[in-house]
Amino acid sequence: MSDPARHDGTTTGAIGEVSPEQRLPEWDGDRAVDGDLLGIEPTELTEEDLLREMHSLHRTRLDTLRHAADSALANHLRRTAELETEYLARHPGREVDPSRLRDA
């Protein structure tokens, strides 16, 4: 079975296909080529700010995935990973809702 065609004529899941982050030469670690920071370090955010930033990213996730430029998607993916990693570091024993668990 062949891979479904994307709107740009390429296929998804093709061997050698790279992620948005890998396709972007303008990104260099935590800085864009022009030297501007790409957000406040998550460790410097207050708990309230961290939650607000994560809420904003999750609220815009589908729209960014479906319609944003590769550079915007790459930044979104990077920032989401940074913020979620920081959240988990702050809350290693986070409460897990038993109703969210799957039956064994």
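What you are looking at is a predicted structure, and each value in this text was computed from that prediction instead of being measured.

## Concerning the overall build of the protein chain
- Looking only at helices and strands, the protein chain features 3 helices and 2 strands.
- Listed N to C, the secondary structure of the protein chain is β-β-α-α-α in terms of helices and strands.
- Here the protein chain holds 104 residues, and 17% of them are scored as buried.
- For the protein chain, contacts bridging at least 24 residues in sequence account for 57% of all contacts bridging at least 6.

## Overview of the side chain of threonine 80
- Relative to the helices and strands, threonine 80 is located in helix 3 (residues 70-90).
- On the accessibility criterion, threonine 80 (15% relative accessible area) is buried.
- In contact with threonine 80, not counting residues within four places along its chain, are Leu57 and His58.

## Remarks on the packing of helix 1 (residues 47-59) against helix 3
- Contact pair helix 1 / helix 3: the axes reach a minimum separation of 10 Å and the direction vectors enclose 140°. It follows from the interaxial angle that helix 1 and helix 3 lie oblique. Relative to helix 3, the crossing made by helix 1 is left-handed. Residues Glu47, Leu50, Leu51, Glu53, Met54, Leu57 and His58 of helix 1 form the contact with helix 3, whose own contacting residues are His76, Arg79, Thr80, Leu83, Glu84, Glu86, Tyr87 and Arg90.

## Thoughts on helix 1
- Between its terminal C-alpha atoms helix 1 stretches 18 Å, which fits the 18 Å expected from 13 residues at 1.5 Å a residue.
- Of the positions making up helix 1, those classed as buried are Leu50, Met54 and Leu57. For helix 1, the buried positions fall inside an angular range of 65° around the axis, keeping them on one side. More than 90 degrees from the buried face of helix 1, the exposed residues found are Glu48, His55 and Arg59.

## A word on the nonpolar core
- Leu45, Leu50, Met54, Leu57 and Leu83 form the largest nonpolar core, which has 5 residues in total.
- In terms of residue count, the dominant contributor to this core is helix 1 (3 residues).
- Setting aside anything within four residues of it in sequence, one finds leucine 50 in contact with Leu45, Leu83, Glu86, Tyr87 and Arg90.

## Focus: the environment of arginine 90
- Along the chain, the position of arginine 90 falls in helix 3.
- Among the residues examined, arginine 90 registers a relative accessible area of 25% and is labelled partly exposed.
- In this structure, the C-alpha to C-alpha distance between arginine 90 and threonine 43, residues 47 residues apart in sequence, is 9.3 Å.
- In this structure, arginine 90 is in contact with Pro42, Thr43, Leu45, Thr46, Glu47 and Leu50, ignoring residues within four places of it in sequence.

Reading guide: rules and limits
- Residues numbered from 1 in each chain as written.
- Predicted model: local features only at pLDDT ≥ 70, side-chain atom pairs only at ≥ 80, totals over all residues.
- Heavy atoms only, no water.
- Helix = DSSP H or I, 4+ residues; strand = E, 2+ residues; numbered from the N terminus.
- Buried < 20%, exposed > 50% of the residue type's maximum accessible area, 1.4 Å probe, protein only.
- Contact = heavy atoms within 4.5 Å.
- Axes fitted to C-alpha atoms, helices over the stretch in contact; angles between N-to-C directions.
- Parallel < 35°, antiparallel > 145°, perpendicular 65-115°, else oblique.
- Left-handed = near helix turned anticlockwise from the far one by under 90°.
- Expected span 1.5 Å × (residues − 1).
- Arc of directions from axis to C-beta.
- Core = buried A, V, L, I, M, F, W, Y, C linked by side-chain atoms within 4.5 Å.

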